Amino acid sequence: ANGSRIVITSRLQNLSLQFKPDSKVPHLRHLTNEESWNLLQKKLFGQEGCPPRLSRVASQIAKSCRGLPLTVVLVAGILANTAEDCWEEVAKSLTSSIVLDDEYCMMTLELSYSHLPDDLKPCLLYFGAFKEDENVPVRRLLWLWISEGFVRKTEEKSLEEAAYNYLMALINRSLVMVTDQRTTSGAKACQLHDLVHEFCVEKAKEESFLRIIQSWEDPFSLAEPSSHHRVCVQSSWELKTWELVIIFPNLRCLLLFGYDAF
């Protein structure tokens, strides 16, 4: 009666349809570099603005947040407790893993993950096999999901259609970003925000879902054979696949990136 309003924000893009099918909902986009820079300045310096001596490095840090307001705010908290002469080091080493140390950020991502349907959880974690910032071809991704047995076939849809619906469900939850559209309709390529990608890598490791090998020496650091079923090698070393079979006797899926294998 007094004109109050309730504002609800959600990752779920179709949430409004559950309450009012014909309602119009504003979809929040990622911040531009300029907007990220303005937000960082506001959090760090208030109305005074950034001192000229720090503007270059601070602007670079804001750009590295890739338009995610939560990241900007958390990085501002890091910088507020870092000596100014160390900001260059922060800019050089800034990765989403730094932000993932924040308890609130981890809680937010963990909440999004835990509320996913069981069918979608392995599909999201599978992105951890790809490198950060990599544009993942949608068709290739769907084939991989199907070959892994993540997708359940229904009478109404083919496996490819069902897998694409899985992808759209992740996109509609704002966990996956479309980076390239087809000329007709649908997504052609997609990727994760750095923050979500780092979360997937850590979660996949925590749940023994995926073993990522950065260099060829890495597997031999294991004291005994590993029980992992799924292994991704991201090095440029020559690889003898039979050696991996010895190290990972339960291996069912081997993803190879960027080197010669024999």
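Coordinates for the structure precede this section.
The rules we used
- Here, residues in each chain are numbered from 1, in the same order as that chain's written sequence.
- Where local features are concerned, this predicted model is filtered to residues with pLDDT of at least 70; where side-chain atom pairs are given and counted, the filter is 80 or more; whole-chain, interface and lining totals use all residues.
- Side-chain metrics in this entry use all non-hydrogen atoms of the structure; hydrogen atoms and water are not considered.
- The distinction between a cavity and a pocket rests on a 1 Å grid over the protein atoms alone: a 1.4 Å probe fits inside a cavity but cannot get out, while a pocket stays open yet meets protein on both sides within 12 Å along at least five of seven lines, and a residue with an atom within 4 Å of a point counts as lining.
- Grid points are joined across faces, edges and corners, and a volume is the space filled by probe spheres set on the points.
- Three residue categories are used. Nonpolar comprises Ala, Val, Leu, Ile, Met, Phe, Trp, Tyr, Cys and Pro, charged comprises Asp, Glu, Lys and Arg, and polar comprises the others, including Gly.
- Working definition: helices are DSSP H or I runs of at least four residues, strands are E runs of at least two. Numbering for both runs from the N terminus.
- Note on definitions: salt bridges are taken to be side-chain nitrogens of Lys or Arg within 4 Å of carboxyl oxygens of Asp or Glu.
- Relative accessible area decides the class of each residue, using a 1.4 Å probe on protein chains only: under 20% of the type maximum gives buried, over 50% gives exposed, and in between gives partly exposed.
- The axes are straight lines fitted to the C-alpha atoms, using for helices just the contacting stretch, and the angles between their N-to-C directions are given from 0 to 180°.
- Here roughly perpendicular refers to angles of 65 to 115 degrees, roughly parallel to angles under 35, roughly antiparallel to angles over 145, and oblique to all remaining angles.
- In this scheme the handedness of a crossing depends on how the near helix is turned from the far one: anticlockwise by less than a right angle means left-handed, clockwise means right-handed.
- Here, two residues are considered to be in contact whenever any of their heavy atoms come within 4.5 Å of each other.
- Joining through side-chain atoms within 4.5 Å is the link that ties buried Ala, Val, Leu, Ile, Met, Phe, Trp, Tyr and Cys residues into a set, and such a set is a nonpolar core.

Q: Requested: an account of empty space enclosed by the protein, with residues and values cited.
A: This model, assessed by the stated rule, comprises two cavities of 30 Å³ or more. When its volume is computed, the largest cavity comes out at roughly 50 Å³. In this structure, the largest cavity is lined by Phe127, Phe130, Lys131, Glu132, Asp133, Glu134, Val136, Gln191, Leu192 and His197. Its residues assigned to classes, the lining of the largest cavity shows four nonpolar, two polar and four charged. Here the second largest cavity defines a volume of roughly 30 Å³. Lining the second largest cavity are Leu109, Ser112, Tyr113, Leu124, Leu175, Val196 and Phe199. Listed by contribution, the elements that provide at least two residues to the lining of the second largest cavity are helix 6 (103-114) and helix 10 (194-206). The greatest single-element share of the lining of the second largest cavity, amounting to three residues, is contributed by helix 6. Class assignment of the residues belonging to the lining of the second largest cavity gives a composition of six nonpolar, one polar and no charged.

Q: Outline the pattern of salt bridges, listing residues and values.
A: According to the stated counting rule, one finds eight salt bridges in the structure shown. Salt-bridge contacts for lysine 203 lead to glutamate 110; the nearest nitrogen and oxygen are separated by 2.9 Å. Here lysine 203 is found in helix 10, whereas its partner glutamate 110 is found in helix 6, with 93 residues between them in sequence. Lysine 203 gets classed as buried once you look at its relative accessible area, which sits at 6%. The network of salt bridges with common partners includes Glu110, Lys203 and Glu206.

Q: An account of the layout of surface pockets is requested, with residue identities and associated values reported.
A: Computed from the structure, the second largest pocket encloses a volume of approximately 300 Å³. Val201, Lys205, Arg211, Ile212 and Gln214 are, among the 15 residues lining the second largest pocket, the residues nearest its centre. Residue assignment for the lining of the second largest pocket shows that the elements contributing at least two residues are helix 10 and strand 4 (211-213). If you tally residues by element for the lining of the second largest pocket, the top one is helix 10, at three residues. Split by residue class, the lining of the second largest pocket holds four nonpolar, six polar and five charged.

Q: Please give an account of the packing of helix 1 (residues 33-45) against helix 3 (residues 69-80) that cites residues and values.
A: The N-to-C vectors of helix 1 and helix 3 enclose an angle of 40°; their axes lie 9 Å apart at closest approach. Comparing the axis directions of helix 1 and helix 3 gives the class oblique. In the packing of helix 1 onto helix 3, the handedness of the crossing is right-handed. Residue-level inspection shows Ser36, Leu39, Leu40, Lys43 and Leu44 of helix 1 in contact with helix 3, the latter providing Pro69, Val72, Val73, Ala76, Leu79 and Ala80. Classifying every residue of the contact of helix 1 with helix 3 by side-chain character gives nine nonpolar, one polar and one charged.

Q: So what about the nonpolar core? Which residues, and what values?
A: Tyr126, Phe127, Trp145, Leu167 and Leu170 are the most contacted members of the largest nonpolar core, which totals 43 residues. At the level of elements, helix 6, helix 7 (121-125), helix 8 (138-148), helix 9 (159-172), strand 3 (187-191), helix 10 and strand 6 (253-256) are the ones that each hand at least two residues to this core. With seven residues, the single largest contributor to this core is helix 9. Residues Leu54, Val72, Ala76 and Val90 belong to the second largest nonpolar core, which totals 17 residues.

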